[in-house]
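Breakdown of the fold
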Amino acid sequence: MSAFLDNLLNGLALGSVYALIALGFVTIFKASGVLNFAHGSLLLLGGYLVAVLHDDLGFAGALAVAVLVTAAVAGALDRLLLQPVGGGDPHAAHVQTIVTIGIDIVLVTDLARRIGGDLLPLGDPWGDAVTDLGPVTVADSRVAAILVSGLAIGGAFALFRFTSWGLSLRAAAEDSEAAALMGVRLTRVRTAAWCLAGGLAALAAVFLVAFPAPGLERTTGQIALKAFPAAILGGMASPVGALVGSMLIGLTEAFVAGYQSDLHVLGEGFGDVAPYAVMVLVLLVRPAGLFAAKGAARV
C-alpha cells in the first residue's frame, strides 16, 4: 500500500509540473494556432537563469528574474520572428510552427554550450529534505511542486476566465476574424499568450530539476516533450484538457517506473515511451483529444 501511495504522490507531482508546460502549449495554440517546438528551450533558459543567478539574488529573486526574462524572450520571439512570417497566408501558423523548430535549435545549441557537461544546482530551499506522510516518505520538492503548480495553474485559469485578455483569447480561438472585427487586438493577445507560456515554462524548470533529480543539464529541455502528449490528449485548444492529460501522463510515468520490475516484459526503457503509448491509445478512441470542442458544419 505504501508503494502505491508513494507512486501516486510522485505521479501527482509530475503531473502538476507537466501541466505547467502543457498549459503553455495550449495557450500558445489557442492564441496563434502554432505548435511551439521551442518550448523546451524556453524551459531550459528559465532553469539556466535560476542556476546562474541564485548565488547573487537568492532563490526567490533568481526565480522571479528567470520567469520575467523567459516570458519577455518568449514574447519577443513571437513578435519579432513569428508574426512577420506568413503575413496574411491562411497557412501562416504552419509556417510559424516550422520556424519554432529552428528557434529551438539555436537556443538549445547556445544554452548547451554554456552548460557543457555540468550539473547545475538551482539553489532551491527544499534541497534533499523529505517529509513523512503516514506510511509514505515524500520529498519536500514534490510537495512544493504540487502546491506551487496548483497556485500557478489556478492563477492562469483565473486569467482565462475573469480578465478581458482571457475573454479576447477565447474569442480569438473561436473565430479570429470575427474577434478582430469586434476590436480584439490579435497581435497583443497572442504575444501575451507567449509571455504567459514562457513564464510557466521557467517555473516548471525549477521542479523538474529539484531533488530527487540531480540538477539542470543541457538535456533538461527535452523533458518538455513529455508534456506534449498531455496537451494532445486533452485537445490542443483545451486548458482543462491539458490539466487532465498532464495528470494522466504523470501518473502513468510514476506507476510504470514504480512497478518496472513487474513490467520487465515490456523492456527496461518502457517508462520513457509510456506517455506516448498512452497518447496513442487515447487518440485511437478520441482522435481529437479528450476535451476537444465539438464543431458543427453546414452541408
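Residues numbered from 1 in each chain as written. Predicted model: local features only at pLDDT ≥ 70, side-chain atom pairs only at ≥ 80, totals over all residues. Heavy atoms only, no water.

1. Some details on the environment of Ile232
For the record, the criterion: In this description a helix means any DSSP run of H or I spanning at least four residues, a strand means any run of E spanning at least two, and both kinds are numbered starting from the N terminus. By definition in these notes, contact holds between two residues if any of their heavy atoms fall within 4.5 Å.
Secondary-structure assignment places Ile232 in helix α8 (residues 224-234). In the structure, Ile232 is positioned 167 residues away from Val65 in sequence and 30 Å away in space, judged by C-alpha atoms. With residues up to four places along the chain from it excluded, the contact list for Ile232 reads Met279, Leu283 and Gly289.

2. Digging into the UniProt feature "transmembrane region" (unreviewed entry) in the chain
Rules: UniProt positions are given in the numbering used here, feature names are shortened, and annotations may be inferred rather than shown by experiment.
Under the UniProt annotation, "transmembrane region" (unreviewed entry) lies at residues 12-29, 34-51, 57-77, 143-162, 191-211, 223-249 and 273-293. Structurally, residues 57-77 comprises 100% helix and 0% strand, and the distance from its first C-alpha atom to its last is 26 Å. As a span, residues 143-162 carries 100% helix and 0% strand, and end to end its C-alpha atoms are 28 Å apart.

3. Digging into helix α7 (residues 186-208)
Since the α-helix turns once every 3.6 residues, residues separated by three or four places project in the same direction. Quick note on the threshold: Residue count minus one, scaled by 1.5 Å, sets the expected span of a helix. When a residue's accessible area, from a 1.4 Å probe over protein chains only, is under 20% of the maximum for its type it is buried; when over 50% it is exposed; and in between it is partly exposed.
When the terminal C-alpha atoms of α7 are compared, their 33 Å separation across 23 residues agrees well with the 33 Å that a helix rising 1.5 Å per residue should span. Burial within α7 is extensive, with 18 of its 23 residues counted as buried.

4. Here's the deal with the pairing of strand β2 (residues 136-139)
Filter applied, for reference: Two strands form a pair only when DSSP identifies at least two bridges running between them.
In this structure, strand β1 (residues 130-133) lies alongside β2, joined through 4 bridges in antiparallel fashion. In the sheet register, Thr131 faces β2, and the bridge partner there is Val138. Here β1 folds back onto β2, and the loop between the two strands holds 2 residues, one of which, Gly134, carries a positive phi near 65 degrees.

5. A look at the side chain of Ser16
To be explicit about the condition: Counting of polar contacts relies on pairs of N or O atoms within 3.5 Å, with two restrictions inside protein: one atom must be capable of donating a hydrogen and the other of accepting it, and residues adjacent in sequence are counted only when both atoms are side-chain atoms.
By the element assignment, Ser16 lies in helix α1 (residues 2-32). Among the polar contacts made by the side chain of Ser16, one reaches the main-chain carbonyl oxygen of Leu12 at a distance of 2.8 Å. Each residue touching Ser16, except ones within four places of it in the same chain, is listed here: Ala145, Ile146, Ser149, Ile153 and Met247.

6. Considering the nonpolar core
In plain terms, the rule: Definition of nonpolar core: a set of buried residues of the types Ala, Val, Leu, Ile, Met, Phe, Trp, Tyr and Cys, connected through side-chain atoms within 4.5 Å.
Membership of the largest hydrophobic core comes to 63 residues, with the highest contact counts inside it found for Ile21, Leu43, Val50 and Leu216. Broken down by element, this core gets its largest block of residues, 12 residues, from α1. With 10 residues, the next largest nonpolar core counts Leu77, Leu82, Trp194 and Ala197 among its residues.

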